[in-house]
Amino acid sequence: MNAARTVTLLDVARAAGVSKSTVSDALQGSGRVAEATRDRVQEVADRLGYRPNSAARRLRRASTGAVGLYLPQTATRLDYYMNLAFGAVARAQEEGLDVVLLAAAAGGPGRYASRVDGLLVIDPEVGDAAVPALLDAGVPVVTGERYLGPAPAPTGAVVCDNSASLTALLDHVRARGARRPALLAPADTSAWAAALHTTAAGWGEEHGTPVAIHPVPFAATAGEAERATLALLSEEPSIDAVVCAPDGAAPGVLRAAAVLGRTVGADFLVASCVDGTATRSSSPPITAVDLRPAEYGRACADLLCDILAGRAPADTARRHEWSLETRGSTLRAG
């Protein structure tokens, strides 16, 4: 195939050994096309680099009665994303839609896009090879948080003010007496993590107290947070507050404090950027930002349903609210 020429439906049809109309039906998820034929057509289209033209993208697709949900592949075990998924499913069911959980390793996003009416892509990360193809799948896409990489813009987005939430946490520990805070955060490959890095740096400049940022994985475990905290405090023993970003990891900071003889709530404060079962049930309970994940998933699905039904225009962005839950891990008075 000549790479300088745009790949057409006819090219795909010839390579797959089927008619042009069969290719069209297979890629749009319409018509009565055998599953094996649909799979073969999608594989050929992917291999040739076929992309529907702008006119085809605007054609009204036959409804499949389902939407796809794509979560960060490193984080599906986290409590936050499970609650988010339940919220999305509940809202989609109210619209008569099923939700299909998409896995990047199971055949590629193009195969799924032809079988759903729209897609929910949550916390898309730069470096996740599936995300650009999902955003370019030819169906409406709503992202939970913005995508920072080079790819077609989603149809809609639901975003949190993550800068404001981290500022609230840092202001809170400062008001409770902390003067040398630190942040355990993943690399800035997602809009959420990027906001944490930028906000921590800006807050440190504003208060004349640099926030020490220590890297941890996006889905860090409590054990990884414990080891990171031990390393951080061995390097900088003056740190008197640690804000832990990843969901479920903050109890590891408590364990590190105990190992080092620090008293949480007295000479050492602990907070989390994500609330959940782990922060609420810790001893002491951990101050955290409640991102209301079930409501967030519901909000993402609600926007996608509204776009599919014509109740909201493309390029709609909606804001999702959070709250700060203060608990025993930050009791110390200033």
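Keep in mind that this is a model prediction, so the values were computed, not measured.

### A look at the nonpolar core
Part 1 of the reasoning: With 45 residues, the main nonpolar core has Leu183 and Cys273 as its most contacted residues.
Part 2 of the reasoning: Mapped onto this core, the elements with two or more residues apiece are strand E1 (66-70), helix H5 (79-94), strand E3 (118-122), strand E5 (156-160), helix H8 (162-175), strand E6 (181-185), helix H9 (191-207) and helix H13 (293-308).
Part 3 of the reasoning: If you tally residues by element for this core, the top one is H13, at seven residues.
Part 4 of the reasoning: Residues in contact with Leu183, not counting those within four places in the same chain, are Leu166, Leu196, Ala200, Val211, Ala212, Ile213, His214, Val243 and Cys273.
Part 5 of the reasoning: Core analysis: the next-biggest nonpolar cluster, separate from the first, contains 21 residues, Leu184, Ala250, Val253 and Phe268 among them.

### Focus on the sheet that holds strand E4 (residues 141-144)
Part 1 of the reasoning: The strand order across the open sheet formed by six strands is E2-E1-E3-E4-E5-E11, and the pairing between neighbours is parallel. At either margin of the open sheet sits one strand with a lone partner, and together these are strand E2 (98-101) and strand E11 (316-320). Here the average twist between neighbouring strands, direction ignored, is 20 degrees.
Part 2 of the reasoning: As paired strands, E5 and E11 are joined by five bridges and run parallel to one another. Note that in E11 the partner of Gly156 across the bridge is Thr316.

### Digging into the packing of aromatic side chains
Part 1 of the reasoning: Evaluated as defined, the whole model comprises two aromatic pairs.
Part 2 of the reasoning: Considering the side-chain rings of Tyr80 and Tyr81, the 5.0 Å spacing of their centres and the 90 degrees angle between planes classify their relative orientation as edge-to-face. Like Tyr81, Tyr80 is buried.
Part 3 of the reasoning: Relative to Phe218, the ring of Trp192 has its centre 5.7 Å away and its plane inclined at 80 degrees; by these criteria the two rings are edge-to-face. You can see Trp192 sitting in helix H9 and its partner Phe218 sitting in the loop between strand E7 (212-215) and helix H10 (222-235), a full 26 residues away along the chain. Residues Trp192 and Phe218 agree in their burial class; the two are buried.

### A word on H10
Part 1 of the reasoning: When the terminal C-alpha atoms of H10 are compared, their 20 Å separation across 14 residues agrees well with the 20 Å that a helix rising 1.5 Å per residue should span.
Part 2 of the reasoning: Restricting attention to buried positions, one finds in H10 the residues Ala222, Gly223, Ala225, Glu226, Ala228, Thr229, Leu232 and Leu233.
Part 3 of the reasoning: Contacts made by the buried residues of H10 are with E6, E7, strand E8 (241-244) and helix H11 (250-259).

### Points about the side chain of His172
Part 1 of the reasoning: Tracing the chain through its elements places His172 in helix H8.
Part 2 of the reasoning: His172 sits in the buried class, given a relative accessible area of 9%.
Part 3 of the reasoning: Residue contacts for His172: discarding those within four places in its chain leaves Thr287, Leu324, Thr326 and Thr330.

### A closer look at the sheet that holds E8
Part 1 of the reasoning: Spatial strand order, E7-E6-E8-E9-E10-E12: six strands in an open sheet with mixed pairing. Of all strands in the sheet, those bounded by a partner on one side alone are E7 and strand E12 (323-325). In this sheet, neighbouring strand axes are inclined to one another by 20 degrees on average, regardless of whether the strands run parallel or antiparallel.
Part 2 of the reasoning: Each of E6, E7 and E8 touches H10; the most contacted strand, E6, lies at about 145 degrees to it.
Part 3 of the reasoning: Contacts from H11 reach E6, E8 and strand E9 (269-272) within the one sheet, and its direction differs from that of E9 by about 165 degrees.

### Let's talk about the pairing of E7
Part 1 of the reasoning: A one-sided burial pattern is seen for E7, the buried positions being Ala212 and His214 and the unburied ones Ile213 and Pro215.
Part 2 of the reasoning: Taken together, the four bridges between E6 and E7 define a ladder with parallel strand orientation. When the sheet's bridge partners are listed, Ala185 is paired in E7 with Pro215.
Part 3 of the reasoning: Tracing the backbone out of E6, into H9 and back to the parallel element E7 gives a crossover that is right-handed.

### As for the confidence of the model for the chain
Part 1 of the reasoning: Averaged over all residues, the pLDDT of the chain equals 89, while 90% of them reach at least 70.
Part 2 of the reasoning: Counted against residues more than four places away or in other chains, residues 54-61, with its pLDDT under 50, gives 13 contacts.

### Comments concerning helix H1 (residues 9-16)
Part 1 of the reasoning: Within H1, the full set of buried residues consists of Leu9, Asp11, Val12, Ala13 and Ala16.
Part 2 of the reasoning: Trailing H1 by a residue or two, Gly17 shows a phi angle of about 75 degrees, which is positive.

### Considerations on unusual backbone geometry
Part 1 of the reasoning: With an omega of 0 degrees, the peptide bond running from Ser283 to Pro284 counts as cis.
Part 2 of the reasoning: Of note, Glu145 is a non-glycine position whose phi angle comes to about 80 degrees, a positive value.
Part 3 of the reasoning: Positionally, Glu145 belongs in the loop between E4 and E5.
Part 4 of the reasoning: The buried category is assigned to Glu145, whose relative accessible area is 6%.
Part 5 of the reasoning: If you check the backbone angles, Asp315 has positive phi at about 70 degrees while not being a glycine.
Part 6 of the reasoning: By secondary structure assignment, the location of Asp315 is in the loop between H13 and E11.
Part 7 of the reasoning: Of the residues examined, Asp315 reaches a relative accessible area of 64% and is grouped as exposed.

How each quantity is defined
Residues numbered from 1 in each chain as written. Predicted model: local features only at pLDDT ≥ 70, side-chain atom pairs only at ≥ 80, totals over all residues. Heavy atoms only, no water. Core = buried A, V, L, I, M, F, W, Y, C linked by side-chain atoms within 4.5 Å. Buried < 20%, exposed > 50% of the residue type's maximum accessible area, 1.4 Å probe, protein only. Helix = DSSP H or I, 4+ residues; strand = E, 2+ residues; numbered from the N terminus. Contact = heavy atoms within 4.5 Å. Pairing = 2+ DSSP bridges. Axes fitted to C-alpha atoms, helices over the stretch in contact; angles between N-to-C directions. Phe/Tyr/Trp six-rings, centres within 6.5 Å; stacked < 30°, edge-to-face > 60°. Expected span 1.5 Å × (residues − 1). Right-handed = clockwise from strand over helix to strand, strands pointing away. pLDDT = per-residue confidence, 0-100.

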